[in-house]
Each structure stands twice: as C-alpha cells, then as structure tokens.
Amino acid sequence: MSSATAYTPARKRQLGSEKRTEPLPTVHPKPSDRKITWSRVAIVLTVLFWAIYVVTTIIRQFIDSGSQNFRFTMEAIGYTVVVTFLTFSALMYLVARQGALQRFQKHVRVPRAELDRHFADNQPSITVLVPSYAEEPEVVRMTLLSAALQEFPSKRVVLLLDDNPDPSDPAVRERLEATRDLAHDISATLAEPRFRFSDALMRYELGDTGVYATDEAALELADHYRWAAHWLYAQADAHTIEDHVDVFFADQVLRALGDDLALTGEAVSAAIAEGASLTSKRVAQLYRRLSWTFDADLAVFERKKWASLSHEANKAMNLNAYIGLMGGTYRVEETPEGQILTPVAAGQRRAGDIDIPDSDFLLTLDADSILLREYCLRLTYFLQQPDNARVAVTQTPYSSFRGAGTRIERLAGATTDIQHILHQGKSYYGATFWVGANAVIRKSALDDIVETEFVGGFEVRRYIQDRTVIEDTESSIDLGTHGWTLSNYPERLSYSATPPDFGSLIVQRRRWANGGLLILPKLWRQVKERKRRGETVSRIELLLRVNYMASISWASFGLIFLLAYPYDGRLLSPMVLLAALPYFISQAADLRYSGYKATDIFRIYGFNLILLPVNLAGVLKSIQQSLTGKKIPFARTPKVKNRTASPLLYVIAPLAIVAFSLFTLWRDVNAQNWGNAAFAAFNATLAIWAIVAYIGIWNTIMDIWIGMTKPLYVDKSRRRSTEQAAPQTASIDWRSVLYHGHAGGEVPHLARVGAVVEVPADDTAVSVPGSEGAVAEGTVAATASAGSAHDGTLGAEGSEAAAAVTASAPAESVSGERQAA
C-alpha cells in the first residue's frame, strides 16, 4: 500500500499544488524517430527565422531608408544584440534537448545478473560524504538511510556536520545532538538484518562444495529475501509521514527495495518449483546482494571541532577538510586554540589515534537528497568499464520530489526536471557539468587536481574549488584541464528537495546566478590545454559550456532592456516571435514529458520575471567579486518547515516590474506602438499572476512590513556594557605564549621586575625578568614547580610533571614547539 493513501500533510496544501506523488520512470521512455526528427527541425527553424529577421528587418531598414540617425542606429544594434543572445540561449536549449533524446533512444540498461557477476570479481570501496548544516534531523536521516541501503561491497557513510559544535541556544543544541546520534541510530536499526545476512553468507560459502546449489539452499535463500522484504515494509509503515518527501522515501526507497527483494525471492522459489537448478556461484551472488545492502559503516565528522582544519563557511571546504584526511592516521593534541589532528607516520600508531580510511570512489550527497536503489552499483559499474577509464565524475542529475504542497515548489520542481533533460543532453556533446547534489567521483581524479597551501602552519588541501559559490562548476573545468571527463548516467536515480517558498528560492537562485562569469577564463585555459594535448574540442561543446556559465548574465540584462527601453516599432517583426516559437513549443513538450502541463510554459515565464532581480543580483555579485577579489559568502538554502521571509528588495522589485510594465503599456498605446504595447501587457499580466500565485498578497505585505521595520529594532546583545570590570591581578596565558610565541608589536606590560604572576587553575609561577614595561631580550622564562597540573601540552606521558620545566628562548622560536601527551 502506498503511503500517499493515508497521507495528511502537516501544512495546508495550496490550490493548484501537485497531488501526484509517484515519480517518473527510472529509465527514460525511448523517444520515437518522429520526435527526434521534429527536434532537428526546431533547431533549423530557430536559426532560419533569426537570419530572416536580421535580413528583412535590420538590414532592410538601413538599405531602404538610407542613412539613419544616430539614435535609430544604436537602437537597431542594441536590439539585434539582445535578440541574438536570447535566440542563442533558446538554440542551446534545443541542441541539448536533441542530445538528450538521442541518448535516451540508445540507452540499454545493464542486466542485473551482469552487475552481480561484475561485482563478484570487482569489489571497490566507496565513501559517501553528506555535508550538512542546520538541517532537520529527520531530513538528514532519510538521506543517510538511502545511502546506507545502497547495495555495494564496501561502503562507508560519513555525515560531515558543519554546525557550531557548541551552540548556546537550547533548541539548536537539541537539534544538533539529535543529528549527531543519527549514525548510531541507523547502525542500530540495520544491526539485525546485517548480522542475519552476513552470517547466512558466511555459512553458505563455508558449506558450498558443488557446481549447483541444492534445492534446500536455494529455498533458504528465498526465505531470506522474503524476510528482508517484510523488514523493509515494517520500516516503511513505521516511518512518520509529514510531507511529500516522506511519502517518496517510504514508497520509493523502503517499499520499492522491499518489492525488488520480494520479487527476487519469488523468482528463486519459482525456479526450484519448475525443477531448475541455480549454480552455487549465482546463489552466492544473491547472498552477497543481501549482505551488502544492509552492511554500512556510518560515522559523523565535525571539522569545526579541530583547529587544524579550515573553517571557511562553504560546502566545498567542508568536503575538502575530510577528503584531505582520507588515507591517514592522526593523533589528537591539545593546544590553546583547541584540538588539532597531527599526522602519524607509518609504524608509530598508538591507541587512541584516529584512522580515516581511503576509498576508490567518493559519493558526494547533499543532506536533502535521496538516492534510489542501485545508484552506487550502476554508476560505479559505469566508471569501471575500460572505455570510461578517464571519466572522473558520473551522476544522475537530480529530479524533484512529486506532490509538492505549494505552487512555487511545484513550478520550481518543473524547472528542475527540465534541467535534468538538458544536463543529459550536454553529455552527448561532452559538455557535462558536475551539478553538486549527488555524484560518484573517482578519488584518483581528485588527487590529480588538488591544490595545497599552508595556513597557520597547517596544510589545507583544495580538491573542490571554493572561489565561487558554484564550486561544482569550477571543479568541472579543473578536471577537464587535467585530462578528465564527466558524464551523466541516463537514468533517474536521485532526487532532491526544491524550495517551498519564495524566500528560500531567492537564496538558492541567487547563488546559482553567481560565479559563472568568474569561471569563464578557466574555460579558455582548459581549451588551450586540451588542444595542446592534441584533443579535439568541438564547437558545440564550447558553446554549450559558455551558455551554461554566462546565459543568466545576458538573459537578465537583455530582458531588462526589452522591458525598460521603448525600442522603435520598425525594429519589431513577427520573425522574432517565430524564432522563439520552436523553443517554447519544445519546452511545453518537455513539460508534458515530465508529467506537467503544457500551459506551465506561461507560468514559468512569469516565474522567471519575478526572479529577474534575484538573477541580476547574482550576476552583479560576480562582477563585484571580480573587481574586489574577495570571495562571496556561501548562502545555504534555508530548510525550515515555516515560511522564509523574503528580503525587502526582492519583494519590491517584482511590484516595480508590474508597475513599469503597466506604465509602458499606457505609453505605447498613446504612441500607437502596438507591438511594444502587446509585449508590455503580456509581461504585466504574467508578472501579476506570478506574484499572486507564488509569493502571495498577504506574504508580500508581511515581507514589506518586516523589511521596513526591522532596522528600527536594536539587538540587546549588541549593546555595549557600561559597567567597569573590577581590577584583577595581572596574569599570563603561558600555554598561548609557548604555543604561539610573540605576535609582534609592543610587548604588553605584565608586572614589575621580578614579580610573580599567579596563573589560575594551577600553581605554576612565571617569573618575568627585565626592566619595567618590557621583557629583556625577548625571552620568556617559565618555571613549573613540582606537582603542577599540566593540560597535556607539555611533558611526555605525564612522567615529567614533577620536574621543573624551563623554557628560555626567543618567543618566535617557541611557537609551535610542543611534546605530545
């Protein structure tokens, strides 16, 4: 029974939201030859109508009318440039779509038995990395469990928790503790099936002697498969259903895996009933499938607990911090800055040291994404084929969860599913981009592009670039420069959440619009390097990549010109509409193909209108970063159950677009410029609809009120305290002095000559010789009396705690010198 039958959403569904909760098929239906032919025709017609427009409208105006005034000339050039760029983006959509249709038509799914045979002889390791920040524990739990239930020989699932490790807010602390417990809780949940099936596999392999398995062994295998299916059904029934994502997880992850295992068990029983015999090798493969599915090593890693790791606030450095530690052994040491991880040389490992295993493959998975069964199996099989030896990253561009409770989430999901098709098409032309939410990565490829620097004496490794907030796009270019390629696996095997309200959507889309322009110079360097190696770089690949990285820029500015500037009516022509028509018809067909309505094409247009200020803000941030050289802060998309308030600018701007479109309509009607008037009326109508449907009138009023009144409030925690602190005895933090040394500049006055400064928390006495107000010759003499209590930064194994420790050296030479406890 589907979870949707008893589904009662926690939040009231909006009128016009999506009721369908069943996802699209995993394998894309094969398109017909007719569909592919019409796709080619659409490409030809787009180019043809654009060329006819340029010849019959622009060139003809200059030929027929002779010399034109300066204003008309500038308008003609500007309008032609805008129309050309927008037509180019539409053309790239059609080209990518054509590539996707051809991939879908040629794709042949690898049989299950071939996967079992391959992994019986090839058993690579994989580490699933789930970066998380301020996520709801239940959301993260579904992600981790979908990864833990992947069938794979050796998998490790690590939650990279990036929250403040010691929050002061009780509610935040409670959520953090619940998230920390997820790895242990999931391991405990999987313990029963894991022990059952690993024991069954071991008993079968020890007792297996013949070429064919006995009927009793095969029937016992079928019983194990049925038991596993019932266990998964029980987990699905116990899962709390609050929204459409919970429905997806219960039905498509737990129950669908149970159905798959139950069907396999019935197939084994049917084979025995018909008198067939299964080979011992095949039965062993089926036992391994059960054992591998429920066997996962889960762990939690918090980089902000370690002072030796980068704390830069972005997802890329959260991943880099852990990847840089993989394959090593580390000793924990205490310092005044906090705990650090010090590498331990081979053969010097001691009890208490931390081992971080290496692996052949990495799987990066956003904390709000969910994988379907066989994701790891099929994608790593693809990477292990001889023809794909230089493929560094493969992924299934994520699809949206169906059954969204809000109109804006439904429409954002529609654009996500359209992007899935386009990304599949880019792989046909070798123009794949890593899209971040999920990917299987060859570890050796990351080692090839790593950049290393030392910050504060600690090594910082950058495998994934964090220069921009679209780190996956820049890393795609880096991999290509080093001779690696990327490819999208042509199936739907991953799903990710889309923002449920306008406020959270603003954060996501502003981030997506930022960074593409900054990466373009790297693309030119990649092309030069590839040509130097003798590789062929196709023009279509280059054009698709340029459009992917820069189209938001020219589309945003181009649309502003079309909205704001009253172009001469002589520049308008039906040919412009005809050039755009194949794009709109094709996108409407893709919406129907993805389970939406063809009329959603108009809703998407209005949706993009109100997002125009958001996209423009992202582009301007890129320009700002290029001028200042400073990184743009990484803004994570809010994942909260309540509505996210929208910034004042992005609420006012859509209203301004409506107002200006109405003004333009009035102006053009008076001037009898009917073409511009029709365009303005079209924009005003769809923008008004988008504001009402996707932001909401009441929400708009509330966000404007919040945005206007928020500056009037003062945070009490920021007020300066006027109370004078009571005089205290001067003290010296000897641990910091011995660890950091002298920081430079004027040495603070500590005490008179020969004064003894008491250090609280132990009975260490520090004598500071020299003249008043200075430390003679820059030396520090620290004497620890017998019996002093050390914190582990001085002494070895505590054996010298009773001895006097004297350090007399220039402060700079002391910095960083320590003995491990």
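Cut-off values and rules
- Residues numbered from 1 in each chain as written.
- Predicted model: local features only at pLDDT ≥ 70, side-chain atom pairs only at ≥ 80, totals over all residues.
- Heavy atoms only, no water.
- Helix = DSSP H or I, 4+ residues; strand = E, 2+ residues; numbered from the N terminus.
- Buried < 20%, exposed > 50% of the residue type's maximum accessible area, 1.4 Å probe, protein only.
- Contact = heavy atoms within 4.5 Å.
- Areas by Shrake-Rupley, 256 points an atom, 1.4 Å probe, with all protein chains shown as cover.
- Pairing = 2+ DSSP bridges.
- Axes fitted to C-alpha atoms, helices over the stretch in contact; angles between N-to-C directions.
- Parallel < 35°, antiparallel > 145°, perpendicular 65-115°, else oblique.
- Left-handed = near helix turned anticlockwise from the far one by under 90°.
- Nonpolar A, V, L, I, M, F, W, Y, C, P; charged D, E, K, R; others polar.
- Phe/Tyr/Trp six-rings, centres within 6.5 Å; stacked < 30°, edge-to-face > 60°.
- Expected span 1.5 Å × (residues − 1).
- Patch = residues over 30% accessible without salt bridge, like charges linked within 9 Å, V, L, I, M, F, W, Y side chains within 5 Å.
- Salt bridge = Lys/Arg side-chain N within 4 Å of Asp/Glu carboxyl O.
- Core = buried A, V, L, I, M, F, W, Y, C linked by side-chain atoms within 4.5 Å.
- Arc of directions from axis to C-beta.
- Polar contact = N/O pair within 3.5 Å; in protein donor to acceptor, adjacent residues only side chain to side chain.
- pLDDT = per-residue confidence, 0-100.

1. What about the overall build of the chain?
- If you tally the helices and strands in the chain, you get 25 helices and 19 strands.
- Counting every position in the chain, which comprises 821 residues, the buried fraction comes to 51%.
- Sequence separation of 24 or more characterises 82% of the internal contacts of the chain that already satisfy a separation of 6 or more.
- Total accessible area computed for the chain in this model is approximately 38,300 Å², and 59% of it derives from carbon and sulfur atoms.

2. Structural notes on the pairing of strand 1 (residues 125-132)
- With eight of eight residues buried, strand 1 lies mostly within the body of the structure.
- Burial of the side chains of strand 1 extends over both faces: Ser125, Thr127, Leu129 and Pro131 are buried on one face and Ile126, Val128, Val130 and Ser132 on the other.
- Bridge count for strand 1 against strand 2 (residues 154-161) is eight bridges, and the pairing is parallel. Following the sheet pairing, Val128 is matched in strand 2 by Val157.

3. As for the packing of helix 4 (residues 137-148) against helix 8 (residues 244-273)
- Closest axis-to-axis distance for the helix 4/helix 8 pair is 11 Å, and the angle between their directions is 15°. Viewed along their axes, helix 4 and helix 8 adopt a mutual orientation that is roughly parallel. For the pair helix 4 and helix 8, the crossing hand works out as left-handed. Taking contact as the criterion, the partners of Met142, Leu145 and Ser146 in helix 4 are, on helix 8, Val245, Asp246, Phe249, Val253 and Leu254.
- Of the residues in the contact of helix 4 with helix 8, the class split is six nonpolar, one polar and one charged.

4. Some points on the packing of aromatic side chains
- Scanning the model with the defined rule gives 23 aromatic pairs in all.
- Between Phe301 and Tyr322, the ring centres sit 5.2 Å apart and the planes meet at 70°, which makes this aromatic pair edge-to-face. Of the two residues, Phe301 is situated in strand 3 (residues 297-301) and Tyr322 in helix 10 (residues 315-323); the sequence distance between them amounts to 21 residues.
- Its relative accessible area of 2% is what places Tyr322 among the buried residues.

5. Some thoughts on the sheet that holds strand 6 (residues 354-356)
- Read from one edge to the other, the open sheet built from three strands follows the order 5-4-6, with strand pairing classed as antiparallel. The two strands at the open ends of the sheet, each matched to only one other strand, are strand 5 (338-343) and strand 6. Within this sheet the neighbouring strands show an average axis-to-axis angle of 35°, counted without direction.
- Direction of pairing for strand 4 (residues 328-335) relative to strand 5: antiparallel, over a ladder of six bridges. Bridged to Thr335 within strand 5 is Gly338.

6. Details of helix 12 (residues 407-428)
- Helix length check: helix 12, at 22 residues, gives a terminal C-alpha distance of 33 Å against a target of 32 Å (1.5 Å per residue), a fit within 8%.
- Summarising burial for helix 12: 19 of the 22 residues are buried, a large majority.
- Just past helix 12, the residue Gly430 takes up positive phi, approximately 75°.

7. Topic: a nonpolar patch on the surface
- A contiguous nonpolar surface patch, about 640 Å² in accessible area, is contributed by Leu517, Phe557, Phe561, Tyr565, Leu620, Ile623 and Leu627.
- With three residues, helix 20 (residues 612-628) is the single largest residue contributor to the nonpolar patch.
- Relative to the helices and strands, Leu517 resides in helix 16 (residues 516-532).
- We classify Leu517 as partly exposed; its relative accessible area is 31%.

8. Some points on the side chain of Ser573
- Among the structural elements, Ser573 can be located in the loop between helix 17 (539-564) and helix 18 (574-593).
- When its relative accessible area of 16% is taken as the criterion, Ser573 is described as buried.
- If we skip the residues at most four places from it in the chain, Ser573 touches Tyr53 and Thr57.

9. Some thoughts on the nonpolar core
- Residues Phe294 and Leu363 are the most contacted members of the largest nonpolar core, which totals 76 residues.
- In terms of residues, this core owes the most to one element, helix 8, which gives ten residues.
- Formed by 44 residues, the second largest nonpolar core is a distinct cluster that contains Val95, Leu411, Tyr605 and Leu612.

10. Comments concerning the environment of Thr364
- Tracing the backbone shows Thr364 in strand 7 (residues 361-365).
- Along the backbone, Thr364 and Ala439 are 75 residues apart, and their C-alpha atoms lie at a distance of 5.5 Å.
- Residue contacts for Thr364: discarding those within four places in its chain leaves Leu129, Leu319, Trp434, Gly436, Ala437, Asn438, Ala439 and Ile441.

11. Considerations on the sheet that holds strand 15 (residues 494-496)
- If you trace the three strands from one edge of the open sheet to the other, you get 8-15-10, paired in mixed fashion. Two strands close off the open sheet at either side, each with one partner strand: strand 8 (369-371) and strand 10 (399-400).
- Pairing of strand 8 with strand 15 involves three bridges; the strand directions are antiparallel. Bridge pairing links Ser369 to Ser496 in strand 15.
- Sheet strands touched by helix 8: strand 8 and strand 15. Its angle to strand 8, the strand with the most contacts, is close to 10°.

12. What to know about helix 5 (residues 170-180)
- Those residues of helix 5 that sit buried are Leu176, Thr179 and Arg180. End-on, the buried residues of helix 5 take up no more than an arc of 100°, which puts them together on one face. For helix 5, exposure combined with an orientation more than 90 degrees from the buried face picks out Pro170, Ala171 and Glu174.
- For helix 5, the elements touching its buried residues are helix 4, strand 2, helix 6 (182-207) and strand 3.
- N-cap assignment for helix 5: the residue whose side-chain oxygen lies 3.0 Å from the backbone N of Ala171 is Asp169.

13. Some details on the pattern of salt bridges
- Counting across every chain of the model gives 46 salt bridges.
- Among the ionic pairs, Arg255 bridges to Asp237, the shortest N-O distance being 2.5 Å. Residue Arg255 is found in helix 8, and its partner Asp237 is found in helix 7 (residues 215-238); the two are separated by 18 residues along the sequence.
- On the basis of relative accessible area, Arg255 is assigned to the buried category, the value being 11%.

14. Thoughts on the side chain of His420
- Mapped onto the fold, His420 is located in helix 12.
- The buried category is assigned to His420, whose relative accessible area is 1%.
- Those residues in contact with His420 that sit more than four places away from it in its chain are His28, Pro397, Tyr398, Ser399, Glu491 and Arg492.

15. Comments concerning the confidence of the model for the chain
- Taken over all residues, the pLDDT of the chain has a mean of 85, while the share at 70 or more is 83%.
- Low pLDDT, under 50, characterises residues 721-726; the stretch is placed with zero contacts to residues that sit more than four places away or in other chains.
- Contacts from residues 748-821, a stretch scored under 50 in pLDDT, to residues over four places away or in other chains number 117 contacts.

16. Some thoughts on the packing of helix 6 against helix 7
- Helix 7 packs onto helix 6 with a crossing angle of 170° between their chain directions and a minimal axis gap of 12 Å. By the angle between their axes, helix 6 is roughly antiparallel relative to helix 7. Where helix 6 abuts helix 7, its residues Thr189, Leu190, Glu192, Pro193, Arg196, Phe197, Ala200, Arg203 and Tyr204 lie against Ala217, Glu220, His224, Trp227, Ala228, Trp231 and Gln235.
- Split by residue class, the contact of helix 6 with helix 7 holds nine nonpolar, three polar and four charged.

17. Looking at unusual backbone geometry
- In this structure, Ala134 is a non-glycine residue whose phi angle is positive, near 55°.
- With respect to the element layout, Ala134 can be found in the loop between strand 1 and helix 4.
- Within the chain, Gln672 stands out as a residue other than glycine whose phi angle is a positive 55°.
- By secondary structure assignment, the location of Gln672 is in the loop between helix 21 (648-670) and helix 22 (674-695).

18. Structural notes on the environment of Arg173
- Residue position: Arg173 is located in helix 5.
- A relative accessible area of 32% places Arg173 in the partly exposed class.
- Sequence-distant contacts of Arg173, defined by excluding residues within four places in its chain, comprise Asp166 and Pro167.

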